[in-house]
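# Observations on chain architecture
Residue-level listing of the chains:
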Amino acid sequence: MSGVRDTTIVPLHRSPHAERTLVGLSFFGGGTAAYQPWTAHMPAGTDLAVLCYPGREGRFAEDFARDWDGLAADVTRSLRAADLGPYTLFGHSMSGWMAFDVAARLDSDEARRPEALVLSSCNAPDRGLTAGERLPTPQDADERLLEWLGTHGLLPRHVREHAGLTEVALELVRADIEVRDTFVYGGAEVSVPLQMFFGADDPLISPDAAARWSALTSGPYRHDVLGGGHFYTPEIWQTLPSRIASINSAATGSAS
């Protein structure tokens, strides 16, 4: 890939003679590290890259985005500037809404829009933020935020045991809360193929999520119900690329 710095679109896996790229978005409270387990499970001919948001990792010196539109504009600019070739865009949880928003912004740009959109563990944006999705809150104390990060696997031990890194983690998650709370659905839709993943035991996903998502694309739609909760099981998360239809030669049915 070219046209954008490796600190913005971070290459995690390169495949010989790659024909496509799977691009993941950093998700709420996290960064590129959450995608590292995927490197051992990428289909042949597919690169893996993660788009890093401003204010973290290699973009540490940049200011955090302070509202949803600012972050979406940053991601959209980065994907327009990158010479990715054919790519699939992936977003998990709140970054699923970001991936959808960005794909909608790129929908009329045939040269830069994704070939497919894959979203994970998120309700359709047209229903707005639920009470569960508004957690954690801006009012939560530092310890509550650290507990939330740890529960969701976003706080490695080396970070929790280092005061300076813990402070950075708290700054990051508070910035993400600020962005999340400015989200407003503006009626966006996409035309590219859309695949959804839901955890069978995820309490955040509403019963009508699949039906709502299917109404937001004019392209092919499918959803797969997987085992586990919001992050599935560790094994399912690690092997998730093998379940993405657009980067595998044969699509599978619903799995568990």
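Residues numbered from 1 in each chain as written. Predicted model: local features only at pLDDT ≥ 70, side-chain atom pairs only at ≥ 80, totals over all residues. Heavy atoms only, no water.

A count of helices and strands for the protein chain gives seven helices and seven strands. When the helices and strands of the protein chain are read in sequence order from the N terminus, they spell out β-β-β-α-β-α-β-α-α-α-β-α-β-α. In summary, the protein chain has a C-alpha radius of gyration of 17 Å against a globular reference of 18 Å for 256 residues, a match within 12%. Dimensions along the principal axes, computed over C-alpha positions, put the protein chain at roughly 45 × 40 × 35 Å. Expressed as a percentage of its 256 residues, the buried residues of the protein chain come to 53%. Residue pairs in contact within the protein chain that sit at least 24 positions apart in sequence constitute 79% of those at least 6 positions apart. Summed over its atoms, the accessible surface of the protein chain is roughly 11200 Å², and 52% of this surface lies on carbon and sulfur atoms. Taking the average place of the 21 positive charges on the side chains of the protein chain and the average place of its 33 negative ones, the gap between the two points comes to 1 Å. (Helix = DSSP H or I, 4+ residues; strand = E, 2+ residues; numbered from the N terminus. Rg over C-alpha atoms; globule rule 2.2 N^0.38 Å. Buried < 20%, exposed > 50% of the residue type's maximum accessible area, 1.4 Å probe, protein only. Contact = heavy atoms within 4.5 Å. Areas by Shrake-Rupley, 256 points an atom, 1.4 Å probe, with all protein chains shown as cover. Lys, Arg positive; Asp, Glu negative; His and termini not counted. Charge placed at Lys NZ, Arg CZ, Asp CG, Glu CD.)

A word on the packing of aromatic side chains. Pairs of aromatic rings are described using the distance from one ring centre to the other and the angle between the two planes. What the rule picks out here adds up to 14 aromatic pairs. Here the aromatic rings of Trp38 and Phe90 are separated by 5.0 Å at their centres, their planes lie at 70°, and the arrangement is edge-to-face. Residue Trp38 is located in the loop between β2 (20–25) and β3 (46–51), and its partner Phe90 is located in strand β4 (residues 87–92); the two are separated by 52 residues in the primary sequence. Both rings, one in Phe100 and one in Trp213, keep their centres 5.3 Å apart while their planes meet at 75°; by these two values the pair is edge-to-face. (Phe/Tyr/Trp six-rings, centres within 6.5 Å; stacked < 30°, edge-to-face > 60°.)

This part takes up the pattern of salt bridges. For the coordinates displayed, the defined rule picks out 16 salt bridges. Note that Glu62 and Arg59 form a salt bridge whose closest N and O atoms lie 2.9 Å from each other. Glu62 sits in the partly exposed class, given a relative accessible area of 27%. Among the ionic pairs, Asp224 bridges to Arg222, the shortest N-O distance being 2.8 Å. Since its relative accessible area comes to 2%, Asp224 is described here as buried. (Salt bridge = Lys/Arg side-chain N within 4 Å of Asp/Glu carboxyl O.)

Here we take up the environment of Ala99. Within the element layout of this structure, Ala99 appears in helix α2 (residues 94–105). Put simply, Ala99 and Val75 are 24 residues apart on the chain and 8.8 Å apart in space, counted from C-alpha to C-alpha.

Below, the discussion takes up the sheet that holds β3. The strand order across the open sheet built from seven strands is β1-β3-β2-β4-β5-β6-β7, with neighbouring strands paired in mixed fashion. Each edge of the open sheet is held by one strand with a lone partner, namely β1 (9–13) and β7 (221–226). The average undirected angle you get between the axes of adjacent strands in this sheet is 20°. Sitting on the sheet, helix α1 (residues 68–81) touches β1, β2, β3 and β4, and the angle it makes with β3 is about 145°. The strands touched by α2 within the sheet are β2, β4 and β5 (116–120), with β4 carrying the most contacts at an inclination of about 145°. (Pairing = 2+ DSSP bridges. Axes fitted to C-alpha atoms, helices over the stretch in contact; angles between N-to-C directions.)

So, on to the confidence of the model for the protein chain. In regions of low pLDDT, the predicted coordinates are not meant to be interpreted in detail. Mean pLDDT over the protein chain stands at 90; residues scoring 70 or higher make up 95%. Per-residue pLDDT stays below 50 along residues 250–256; that stretch engages in 18 contacts with residues further than four places along the chain or on separate chains. (pLDDT = per-residue confidence, 0-100.)

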